[in-house]
Amino acid sequence: MKKYWFIFQTQLINSLAYPGELIGRALTILPFMWIFYQLWSVTFASTGQTEMNGLTLKMTMWYFVVTEVIEISRPRVGNTISETVRDGSIAYLLSKPYNFMLYHYATAMGGTIFHALFNILFGGGLIWWLVGAPPSLMGVAMVLPALLGAWALHFCIAALIGLLAFIVEDISAFLWIFQKAAFVFGGLLIPLDFYPGWMRTIANFLPFASLSYAPARLFISPSPQAFFAVIGQQILWLGILGLALTFFYHRAVRFLTINGG
Amino acid sequence: MSNLKILLAVWKANLQSAMEYRVSFISQVLGMMLNNGMYFVIWVIFFDRFKEIRGWGVGDMYVTFGVSASAFGLVSLFFGNAFNLGDIITRGRLDYYLSLPRPVLLHTLTSRSVASGAGDFLYGILSFAVSGYFSAEALARFTLAILLAAIVFASFLVIVQSLAFWMGNATNLVTLAVNAMITFSIYPISIFDNTAKLILFTLVPAALMGAVPASFAIAFTWQTLAQLLIGAGAFLALAIFIFYFGLRRYESGSGIQVEI
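These numbers were taken from a predicted model, which means no experiment stands behind them.

**Considerations on the overall build of chain B**
Within chain B, the regular secondary structure consists of 13 helices and zero strands. On C-alpha atoms alone, chain B measures out to a radius of gyration of 19 Å, which is about the 18 Å that the 2.2 N^0.38 rule sets for 260 residues. In chain B, which comprises 260 residues, the share counted as buried stands at 53%. Taking all contacts inside chain B whose residues are at least 6 apart in sequence as the whole, residues at least 24 apart take part in 76%. Only carbon and sulfur atoms are counted for the fraction: they give 66% of the accessible area of chain B, which is about 11900 Å². Charge centroids of chain B, computed over 14 positive and 11 negative side chains, lie 4 Å from each other.

**As for the overall build of chain A**
Helix and strand counts for chain A come out as 13 helices and two strands. Against the globule reference of 18 Å for 261 residues, chain A gives a C-alpha radius of gyration of 19 Å, in line with a compact fold. Here chain A holds 261 residues, and the buried ones make up 54% of them. Pairs at least 24 apart in sequence give 79% of the contacts found in chain A among residues at least 6 apart. Of the accessible surface of chain A, which amounts to about 11700 Å², a share of 68% is contributed by carbon and sulfur atoms.

**Quick word on helix α7 (residues 100–131) of chain A**
Taking 1.5 Å per residue as the helical rise, α7 of chain A with its 32 residues ought to reach 46 Å, and the 44 Å between its terminal C-alpha atoms agrees with that figure. Just downstream of α7 of chain A, G132 of chain A is the residue with a positive phi angle, here 105°.

**A few points about the packing of aromatic side chains**
Tallied over the full model, the rule gives 47 aromatic pairs over all chains. Within the aromatic cluster, the residues linked to one another by ring pairs are F36, W40, Y63, F64, F194 and Y213 of chain A together with W43, F46, F47, F50 and Y187 of chain B. The residue whose ring lies beneath K180 of chain A is F183 of chain A, and the NZ or CZ to ring-centre distance is 5.2 Å.

**Structural notes on the interface of chain B and chain A**
Contact with chain B, which involves 31 residues of that partner, is made by 34 residues of chain A. With both sides pooled, the region where chain B packs onto chain A buries about 3000 Å², and carbon together with sulfur makes up 77% of that total. Our count for the contact surface shared by chain B and chain A stands at two residue pairs in polar contact (both at pLDDT 80 or more). Looking at the side of chain B that touches chain A, the elements that each hand over two or more residues are α2 (22–50) and α10 (171–185) of chain B. Broken down by element, the residue count for the side of chain B that touches chain A peaks at 17 residues, all from α2 of chain B. Taken together, the residues of the side of chain B that touches chain A break down into 18 nonpolar, nine polar and four charged.

**Quick word on the pattern of salt bridges**
Residues and elements named next belong to chain A. Under the defined criterion, the tally for this structure stands at five salt bridges over all chains. Notably, a salt bridge pairs R217 with D193, separated by 3.0 Å at the nearest N-O pair. A residue pair is termed long-range when its members are at least 10 positions apart, and R217 in helix α12 (residues 213–220) and D193 in the loop between α9 (172–185) and α10 (197–204) qualify at 24 residues. The buried category is assigned to R217, whose relative accessible area is 17%. Look at the salt bridges and you will find they share partners, linking E71, R74 and R76 into a network.

**Here's the deal with helix α3 (residues 29–47) of chain A**
Here α3 of chain A is 19 residues long and its end C-alpha atoms lie 27 Å apart, about the 27 Å a rise of 1.5 Å per residue gives. Directly after α3 of chain A, the chain includes G48 of chain A, whose backbone phi takes a positive value near 75°.

**What about the environment of R200 of chain A?**
Residues and elements named next belong to chain A. Topologically, R200 is positioned in helix α10. R200 sits in the partly exposed class, given a relative accessible area of 31%. Considering only alpha carbons, one finds R200 and G149, 51 residues apart in sequence, at a separation of 21 Å. For R200, the residues in contact, after removing those within four places along its chain, are L192, D193 and Y195.

**Focus: the confidence of the model for chain A**
With 98% of its residues at a pLDDT of 70 or more, chain A has an overall mean of 91. The weakest mean pLDDT in chain A belongs to helix α6 (residues 90–94) of chain A at 80; the strongest belongs to α12 of chain A at 96.

Reading the values: the criteria
- Residues numbered from 1 in each chain as written.
- Chains lettered and ligands numbered in written order.
- Predicted model: local features only at pLDDT ≥ 70, side-chain atom pairs only at ≥ 80, totals over all residues.
- Heavy atoms only, no water.
- Helix = DSSP H or I, 4+ residues; strand = E, 2+ residues; numbered from the N terminus.
- Rg over C-alpha atoms; globule rule 2.2 N^0.38 Å.
- Buried < 20%, exposed > 50% of the residue type's maximum accessible area, 1.4 Å probe, protein only.
- Contact = heavy atoms within 4.5 Å.
- Areas by Shrake-Rupley, 256 points an atom, 1.4 Å probe, with all protein chains shown as cover.
- Lys, Arg positive; Asp, Glu negative; His and termini not counted.
- Charge placed at Lys NZ, Arg CZ, Asp CG, Glu CD.
- Expected span 1.5 Å × (residues − 1).
- Phe/Tyr/Trp six-rings, centres within 6.5 Å; stacked < 30°, edge-to-face > 60°.
- Lys NZ or Arg CZ within 6 Å of the ring centre and 35° of its normal.
- Buried area = accessible area lost by both parts, 1.4 Å probe.
- Polar contact = N/O pair within 3.5 Å; in protein donor to acceptor, adjacent residues only side chain to side chain.
- Nonpolar A, V, L, I, M, F, W, Y, C, P; charged D, E, K, R; others polar.
- Salt bridge = Lys/Arg side-chain N within 4 Å of Asp/Glu carboxyl O.
- pLDDT = per-residue confidence, 0-100.

So, in structure tokens, the structure goes:
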């Protein structure tokens, strides 16, 4: 495990090499947060209520900070993996003394941490200015492991899609559909609390809720029970998706033919 | 006339090139349509719960999203390099276009076609068809609206990407501006106050890519038509001026090469 830790550290330091680039990328969160504030402040005002489905405007906005930080900073390994398959560089990477998937996980997470930190700084800063401080300090502490769980789940799904490059030429359509499924069933743009009951039930049976809704809801309404429920659910999905990834990866590699080099 | 001929020839070549990988093309088109449809589910859920926002209902959203998607699709299909122009400038790849006796900007923009744009374009028409506002007359207005919205969007891309002439690598700024333009164009304009609306007509002209053309497609008024025509004309003129003004500063390590 030590070598993956070093890969992670190297990538982490690399991501700091161009702070201007890091800040520039993080600025992307600002238009999203601003438009969410416009939409939801008008929505709350037009209903004449200060609380809907247990959420105030302040809670809703901080919910979006977490969902957007997860979405914007998430590891985007789908294309990276598919590219190695398409250009044949997978042959070079497989000959190295490390696990191909763990290598990509360590690299992706190394690139994610500071990106997320700057997103929190800009996105959180704007929302703090607009609606005030986060609802609870306990939420800040509890959401951190849930964020790591969300990104690990993102990695598993994106890597599974990346492996599709063994079968199809272009995986972009699959990545778009996954992203939109995560938007809808993960409550990325509307908290699941506002969904019709039947859709909420479906969402709760899918892994997408653990990707964004659950960590964001934990952040705004933290409690020890909610914490263990969210982490437990993430571990369950990580187990299922991790097994699927291992299975399909080994199957894919078995079919790989490398000539010369 | 000769420019139109070369334009048609470039588009034909782009289409033939996309058709070379037919399965990939079809999967990208269908995938993008599904992608847009899934995204729109969010608006259906939103308006199912809140009915309308300051007079803006789900029908209006269908048209707004339809106009924006079709306009985006047109630009992707026919002016695909508008999304890469900054990168082309920074890497000195304009040399290739400068060495040919054709209008540099037009030739550069049309030299690439993004296949998934066809999915956006078709989805936009479908979205309009199910909006409840569809009629033969409305379809004619919708067609004009997406053409003008596409001109605004392509011009905005050229303006933002041309900043690379002065800034060098402007990738982050371009990403920020393009994301803002697309995001703001698919939100109800009724949620914005007057200051925000001023920004959406000028600095990030998302209103001219979404809400205004959508209003025109829904019901004809001289005011919206004038806004669209003036907006598209002004942004197009500005884009051409900024690009050619910036071109004077263009430098490269001579990337001219024979491409057969």
